[in-house]
Amino acid sequence: MRIARFSIDGNVAFGAVEGDKPDELVLDIIKGIPFADFELSGTKVPLSKVRLLPPVLPNKVVAFGRNYAAHAKELGNEVPDTPFAFFKPSTSVIGHGDEIAYPSFSQELHHEAELAVVIGRMCREVPRERVKDVILGYTCANDVTARDVQKREKQWARAKGFDTSCPLGPWVETDVDPSDLTIQCTVNGQQRQLGRTSQMTHSIEDLIVNISEAMTLLPGDVILTGTPEGVGPLNVGDEVAVTIEGIGTLTNKVVKRG
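As a starting point, this report considers the structure included with it. (Residues numbered from 1 in each chain as written. Predicted model: local features only at pLDDT ≥ 70, side-chain atom pairs only at ≥ 80, totals over all residues. Heavy atoms only, no water.)

## What to know about the layout of surface pockets
- In this structure, the largest pocket spans a volume of roughly 290 Å³.
- The wall of the largest pocket is formed by 19 residues, among which Arg66, Leu75, Asn77, Gln150 and Trp156 lie closest to the centre.
- Every element with two or more residues in the lining of the largest pocket is listed here: strand S6 (61-65) and helix H2 (147-153).
- Here the lining of the largest pocket gets three residues from one element, more than from any other, and that element is H2. (1 Å grid on protein atoms, 1.4 Å probe; cavity = no way out; pocket = protein on both sides within 12 Å on 5 of 7 lines; lining within 4 Å. Points joined across faces, edges and corners; volume = space filled by probe spheres on them. Helix = DSSP H or I, 4+ residues; strand = E, 2+ residues; numbered from the N terminus.)

## Quick notes on the sheet that holds strand S15 (residues 182-187)
- Read from one edge to the other, the open sheet built from five strands follows the order S9-S20-S19-S15-S16, with strand pairing classed as mixed. Strands with a single pairing partner mark the edges of an open sheet, and in this sheet they are strand S9 (99-102) and strand S16 (190-196). Taken over all neighbouring pairs, the strand axes of this sheet differ in orientation by 20° on average, direction set aside.
- Inspection of the sheet shows strand S19 (residues 239-244) paired to strand S20 (residues 248-256) by six bridges, in the antiparallel sense. Across the sheet, residue Ala241 finds its bridge partner in S20, namely Thr251. (Pairing = 2+ DSSP bridges. Axes fitted to C-alpha atoms, helices over the stretch in contact; angles between N-to-C directions.)

## With respect to the nonpolar core
- Ranked by size, the top nonpolar core spans 43 residues in total, and within it Ile208 and Ile223 carry the most contacts.
- Contributing elements (two or more residues each) for this core: S6, S9, strand S11 (113-119), strand S12 (135-142), S15, helix H4 (204-212), S19 and S20.
- Looking at which element gives the most residues to this core, the answer is H4, with five residues.
- Non-local contacts of Ile208, meaning those with residues more than four positions away in its chain, are made with Val117, Ile119, Val126, Val131, Val134, Ile135, Leu217 and Ile223. (Core = buried A, V, L, I, M, F, W, Y, C linked by side-chain atoms within 4.5 Å. Buried < 20%, exposed > 50% of the residue type's maximum accessible area, 1.4 Å probe, protein only. Contact = heavy atoms within 4.5 Å.)

## Regarding the side chain of Asp98
- Looking at where Asp98 falls in the secondary structure, it is placed in the loop between strand S8 (93-94) and S9.
- On the basis of relative accessible area, Asp98 is assigned to the buried category, the value being 14%.
- Of the polar contacts made by the side chain of Asp98, one reaches the backbone nitrogen of Gly95; its length is 2.8 Å.
- In this view, Asp98 contacts Arg51, Pro54, Asn252 and Lys253; residues no more than four positions away in its chain are not counted. (Polar contact = N/O pair within 3.5 Å; in protein donor to acceptor, adjacent residues only side chain to side chain.)

## Observations regarding the sheet that holds strand S13 (residues 145-146)
- Across the sheet, three strands lie side by side as S13-S10-S18; this open sheet has antiparallel pairing. Strand pairing shows two members of the sheet lacking a second neighbour, S13 and strand S18 (232-234), which therefore form its edges.
- Two elements, strand S10 (residues 109-111) and S18, share three bridges in a ladder whose sense is antiparallel. Paired with His111 across the bridge in S18 is Gly232.

## Description of H4
- Buried within H4 we find Ile204, Leu207, Ile208, Val209, Ile211 and Ser212.
- Among the structural elements, S6, strand S7 (84-88), S11, S12 and strand S17 (222-224) are those in contact with the buried residues of H4.

## Structural notes on the packing of aromatic side chains
- One pass over the full model with this rule turns up three aromatic pairs.
- Taken together, a centroid distance of 5.2 Å and an interplanar angle of 70° make the contact between Phe84 and Trp156 edge-to-face. You can see Phe84 sitting in strand S7 and its partner Trp156 sitting in the loop between H2 and helix H3 (157-161), a full 72 residues away along the chain.
- On the basis of relative accessible area, Trp156 is assigned to the buried category, the value being 13%.
- Ring centres of Phe86 and Trp156 lie 4.9 Å apart, and the angle between their planes is 75°; on these two criteria the pair is classed as edge-to-face. Here Phe86, found in strand S7, pairs with Trp156, found in the loop between H2 and H3; they are 70 residues apart in sequence, far enough to count as distant.
- Judged by its relative accessible area of 9%, Phe86 falls in the buried class.
- Through a chain of ring-to-ring contacts, the aromatic side chains of Phe84, Phe86 and Trp156 assemble into a single cluster.
- Its guanidinium or amino end placed over the ring of Phe105, Arg158 lies 4.6 Å from that ring's centre, counting from NZ or CZ.
- Between the NZ or CZ atom of Lys160 and the centre of the ring of Trp156, over which it lies, the distance is 5.6 Å. (Phe/Tyr/Trp six-rings, centres within 6.5 Å; stacked < 30°, edge-to-face > 60°. Lys NZ or Arg CZ within 6 Å of the ring centre and 35° of its normal.)

## Concerning the pairing of S15
- Bridge count for S15 against S16 is six bridges, and the pairing is antiparallel. The residue bridging Thr182 from the neighbouring strand is Arg196, located in S16.
- Hairpin remark: S15 followed by S16, antiparallel, with two residues in the connecting loop; positive phi at Asn188, about 55°.
- Where S15 and S19 come together, five bridges link them in antiparallel fashion. Residue pairing across strands places Gln184 opposite Thr243, the latter belonging to S19.

Remember, this is a structural readout, not a statement about activity or role.
Right under this line is the structure:
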């Protein structure tokens, strides 16, 4: 099931996305929230008539860096022996179609296409064999990074946590095997990144076991799993798209910060 969060006529709701052709997609509005038992209402609205929102509003976004060896190498970094985590605040999250505001304190903005894992239930110290039980589904993410600030400040709070630096969407796919999916990033229609989730150094199970040893994960929290090689610059006016096989395409435009 593809679960989207959207607004229509000033109201916010979740809906199940139905259909195959992009111009014929409809939303069957969900009674309740997707983190508990829910029913489909049978009330359907065309996707073209709503505004898609970030598919979840996470309490926290836990991101893992250097989880693809080729990407670590392209930036001159070693591949960590154990998962390497950092955080993006909830205020960094935007949805499909929203604008990425180029931060005024950076002159080198980069895209990073990633598979995002959406947590479906509160959990802590998750054993490896139970990881699938705590996952609601998967979505596309762009770990937008002020690369010059990251290099200069040595820690990543401002470089990766600024407002609009975490596009997520367009929806959460609950029925996909994430072990070997194609990840692609294009800028203005030209391919920049192309990789597969099977190239991760540390698996999704590794990542969730690692972080849940330290902290409680809540429904709607998001885990970013790293980016393949090919990261590169974004400029004002660019349209950047992240496409993941079996999930969909997340598209955002870069604008000057107002």
